[in-house]
Amino acid sequence: MRKYLFLIKTAWQRQLVYRATVYGYRLGNIFDVLFQVTIWTAVYKSTSVVYGYNYNEMITYVMIGWLINFMTANYGIEDVVSRNIQNGELNVYLTRPLSYLRSIITMSIGRTSIALISGVALQLLFIFIFQNHMVAQTDLSIILVIFIIVILGYFVRLLLSILFGLIAFWATDVSGLNSFFATFIRLLSGGYAPLSLLPAMLYKLSLFFPFAYIVFFPTQLYLGKLDLMDGIKGVGVELLWLVLLYVIIKIVWNKGLKKYEGVGI
Amino acid sequence: MKKYWKIITNEFQRHLAYRANIVSYSFGHLFEIISQIVIWTVIFQGTSMIKGYTYPEMMTYVIIGWFILFATSNYGFEERIAKDIHQGTLSNMIVKPMSYVRYIIAVSMGRVVIALITVAVIETVLIFLLRNKIIINLDPATLLLMLFMLLVAFFIKLLFSILIGLIAFWIIEISGTYFSLNIFSKFMSGAYFPMNLLPAVFVNISLFFPFIYTFFIPLQLYLKKITLIEGLRGLGVELLWLFLLYLLIKLVWHFGLKKYEAAGV
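Residues numbered from 1 in each chain as written. Chains lettered and ligands numbered in written order. Predicted model: local features only at pLDDT ≥ 70, side-chain atom pairs only at ≥ 80, totals over all residues. Heavy atoms only, no water.

Where an unreviewed UniProt entry is consulted, chain B appears under the name ABC transporter permease, with the organism given as Candidatus Falkowbacteria bacterium GW2011_GWF2_39_8.

By the naming in an unreviewed UniProt entry, chain A goes by ABC transporter permease protein and is assigned to Candidatus Falkowbacteria bacterium GW2011_GWF2_39_8.

Next comes the structure, spelled out in structure tokens:
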């Protein structure tokens, strides 16, 4: 256990070096949130309900959605994994008495902490400012379930990133692919707009994938559009996906290692 | 002139190696546009006009805008310049009988060709698929003027990227700064949503910045919301900005070079 704690601490200290960069990114996020609020405000001037969402619900969706996005983001672990493979840094990990997958999972917890804290702080400030335009959720059991879903969501996103990163065993230039996946996941997780805006069939389909449970599902719970039972079911689906993703990663890892060229040895 | 042509063709050939990568970036961007199409389609089911935009107009704004955005993009040249400065690659350039800024401009022209072709193909397919939902404007004078505006827009955005890339002379860790500046300039250009969604004062302010002429104004021209004369005036402002940015770059370059540490020499 101690070795993992050490990994987390090292990654955390490394991130402290880049704190100015983190603030730079946050500034961009402020614009992002404000744009979404602007668009929806303009839209609701000419209509009062968009697909069952009134203005306050939509603002809540944006605010809580971003909060959850900040809590589950891993800021491009797929790039770290693919770089490790392509630059041969993986060699170092392979000789350690510690599995690479576990090191990278641990490392990412330390790596995201500063960004997570600053992101959540920023978003709480936004929520404070916009509280009069938002829907409040006070049911403690619902909030507990949301919290569990968000924590699981962090790991679902992390495992997805690692899985995408492992493609680097086979392809040399993956940055385009990674950007493609990032947009794809953001769309299917409801990061651009509520998934219920999609045609009913696509919406139902999206609930079979793990992405919807990252942002869309917990936000719906918060808005009271899903009840406690749905939430618990959601936790189940997420757990199932975590196991499945872990198994897939193991298989891909084993196959990939055979292809691994160990650049730099 | 011949040496610059050589740089352009070299860079084009270099990027042929990354063609799969470039194509996957474009497909990632495709998801963004799909989500926008879905969102606006849903919104317009409850209303027929949003701030003076009808459904076909908004769809046109999104679809044609997508092409304009990527046709004028240089895909992050500020990072390239920062890397040259930080890693000392700039030292090689300074001793060559060729200005670095002009070299970078030539490189960028060779670099964008493949991305431009990919985007043009995707755009053609999109326009064909959605031809009944968007406004087709085939007025040759309008299209010609737009073409000129986009050409100048490419260079305005490039010079802006170079300008903020040169910040690397003074600052080490800049990716966060770039991220925020890019979001800001994209917003000021109207690429997130039509500027008219904002209060009129914002539009008036943004007319004093170069960004709005790289996206919003050419689109207004296409949508016939402004006249050819106004479009011509926009082109004039663009050329003025181009000149101004070039002067600014010369100035910043002059001062930056004094700070330059030539890492690795």
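This part takes up the overall build of chain A. Along chain A, the regular secondary structure elements total 11 helices and two strands. Start at the N end of chain A and walk to the C end: the helices and strands fall as α-α-β-β-α-α-α-α-α-α-α-α-α. For chain A, buried positions account for 54% of its 265 residues. For chain A, long-range pairs separated by at least 24 residues make up 82% of all intrachain contacts whose partners lie at least 6 apart in sequence. When the accessible surface of chain A is split by element, carbon and sulfur atoms take 69% of a total near 12800 Å². The positive charge centre, built from 20 side chains, and the negative charge centre, built from 11, are 9 Å apart in chain A. (Helix = DSSP H or I, 4+ residues; strand = E, 2+ residues; numbered from the N terminus. Buried < 20%, exposed > 50% of the residue type's maximum accessible area, 1.4 Å probe, protein only. Contact = heavy atoms within 4.5 Å. Areas by Shrake-Rupley, 256 points an atom, 1.4 Å probe, with all protein chains shown as cover. Lys, Arg positive; Asp, Glu negative; His and termini not counted. Charge placed at Lys NZ, Arg CZ, Asp CG, Glu CD.)

The subject of this paragraph is the interface of chain A and chain B. In this complex, chain A contributes 33 residues to the contact, which on the side of chain B involves 33 residues. Summed over both partners, the interface of chain A with chain B buries about 2900 Å², with 75% contributed by carbon and sulfur atoms. For chain A, the biggest contributors to the area lost against chain B are Tyr25, Phe35 and Phe180 of chain A; these three give 17% of the whole. Between chain A and chain B we count zero salt bridges in total. The interface formed by chain A and chain B contains two residue pairs in polar contact (both at pLDDT 80 or more). (Buried area = accessible area lost by both parts, 1.4 Å probe. Salt bridge = Lys/Arg side-chain N within 4 Å of Asp/Glu carboxyl O. Polar contact = N/O pair within 3.5 Å; in protein donor to acceptor, adjacent residues only side chain to side chain.)

All names here are of chain A. Topologically, Gln36 is positioned in helix H2 (residues 19-46). Taking relative accessible area as the criterion, Gln36 reaches 14% and is therefore assigned buried. Measuring from C-alpha to C-alpha, the distance between Gln36 and Asp79 comes to 28 Å, with 43 residues separating the pair along the chain. Setting aside its immediate chain neighbours within four residues, Gln36 contacts Val62, Trp66, Arg186, Gly191 and Tyr192.

Trp40, Met63, Ile104 and Ile162 of chain A together with Trp40 and Ile162 of chain B are the most contacted members of the largest nonpolar core, which has 175 residues in total. Among the elements that line this core, the one with the most residues is helix H7 (residues 140-165) of chain A, at 14 residues. Residues within four places of Ile162 of chain A in sequence aside, it is in contact with Ile77, Val81, Leu101, Ile104, Ile105 and Ile249 of chain A. (Core = buried A, V, L, I, M, F, W, Y, C linked by side-chain atoms within 4.5 Å.)

All names here are of chain B. As recorded in UniProt, the sites labelled "transmembrane region" (unreviewed entry) are residues 21-43, 58-77, 103-128, 134-155, 162-181, 201-223 and 235-255. Between the C-alpha atoms that bound residues 162-181 there is a distance of 13 Å. The span itself is 55% helix and 0% strand. Segment residues 235-255 splits into 100% helix and 0% strand. End C-alpha atoms: 31 Å apart. (UniProt positions renumbered as here; feature names shortened; annotations may be inferred.)

Reading fine detail from the predicted coordinates is not recommended where pLDDT is low. Across chain B, the average pLDDT comes to 88, with 99% of residues at or above 70. For this predicted complex, the interface score ipTM comes out at 0.73, while the overall pTM is 0.82. (pLDDT = per-residue confidence, 0-100.)

Right, let's talk about the packing of helix H3 (residues 55-72) of chain A against helix H6 (residues 100-129) of chain A for a bit. Residue and element names in this part refer to chain A. Between H3 and H6, the shortest axis-to-axis distance is 8 Å and the interhelical angle comes to 170°. Overall, the two elements H3 and H6 adopt an arrangement that is roughly antiparallel. For the pair H3 and H6, the contacting residues are Met63, Ile64, Trp66, Leu67, Phe70 and Met71 in the first and Leu116, Gly119, Val120, Leu122, Gln123, Leu124, Phe126 and Ile127 in the second. Partitioning the contact of H3 with H6 into residue classes produces 12 nonpolar, two polar and no charged. (Axes fitted to C-alpha atoms, helices over the stretch in contact; angles between N-to-C directions. Parallel < 35°, antiparallel > 145°, perpendicular 65-115°, else oblique. Nonpolar A, V, L, I, M, F, W, Y, C, P; charged D, E, K, R; others polar.)

The next point concerns the packing of aromatic side chains. On inspection of all chains with the given rule, the structure shows 41 aromatic pairs over all chains. Ring geometry for Tyr203 of chain A and Phe216 of chain A: centres 5.8 Å apart, planes at 85°, overall edge-to-face. With Tyr203 of chain A in helix H9 (residues 200-206) and Phe216 of chain A in helix H10 (residues 216-223), the pair connects residues that are 13 residues apart, well separated along the chain. You can call Tyr203 of chain A partly exposed: its relative accessible area is 23%. Take Phe216 of chain A: its relative accessible area is 1%, and that puts it in the buried class. Aromatic ring contacts, followed pair by pair, group Phe31 and Phe35 of chain A together with Phe160, Phe184, Phe187, Tyr192, Phe193, Phe209 and Phe211 of chain B into a single cluster. Here Arg96 of chain A stacks its cationic end above the ring of Tyr93 of chain A, 5.0 Å away from the centre of that ring. Sitting over the face of the ring of Tyr53 of chain A, Lys225 of chain A holds its NZ or CZ atom 4.6 Å from the ring centroid. (Phe/Tyr/Trp six-rings, centres within 6.5 Å; stacked < 30°, edge-to-face > 60°. Lys NZ or Arg CZ within 6 Å of the ring centre and 35° of its normal.)

Let us now look at the pattern of salt bridges. All names here are of chain B. Applying the stated criterion across every chain, the model contains four salt bridges over all chains. The partner of Arg14 in a salt bridge is Glu11, and the shortest N-O contact between them spans 3.4 Å. Of this pair, Arg14 and Glu11 both sit in helix H1 (residues 2-16), three residues apart, roughly one helical turn. A relative accessible area of 46% places Arg14 in the partly exposed class.

What follows deals with the environment of Ala136 of chain A. All names here are of chain A. Tracing the sequence through the fold places Ala136 in the loop between H6 and H7. The class of Ala136 is exposed, set by a relative accessible area of 64%. Each C-alpha atom of the pair Ala136 and Glu57 lies 9.7 Å from the other, and the pair is 79 residues apart in sequence.

As a further point, take the packing of H2 of chain A against H6 of chain A. All names here are of chain A. Axis separation between H2 and H6 bottoms out at 11 Å; the angle between their running directions is 35°. Crossing of H2 over H6 shows right-handed handedness. Touching Val22, Arg26, Asn29, Ile30, Val33 and Leu34 of H2 are Ile114, Ala115, Ser118, Gly119, Leu122, Gln123 and Phe126, all from H6. Its residues assigned to classes, the contact of H2 with H6 shows eight nonpolar, four polar and one charged. (Left-handed = near helix turned anticlockwise from the far one by under 90°.)

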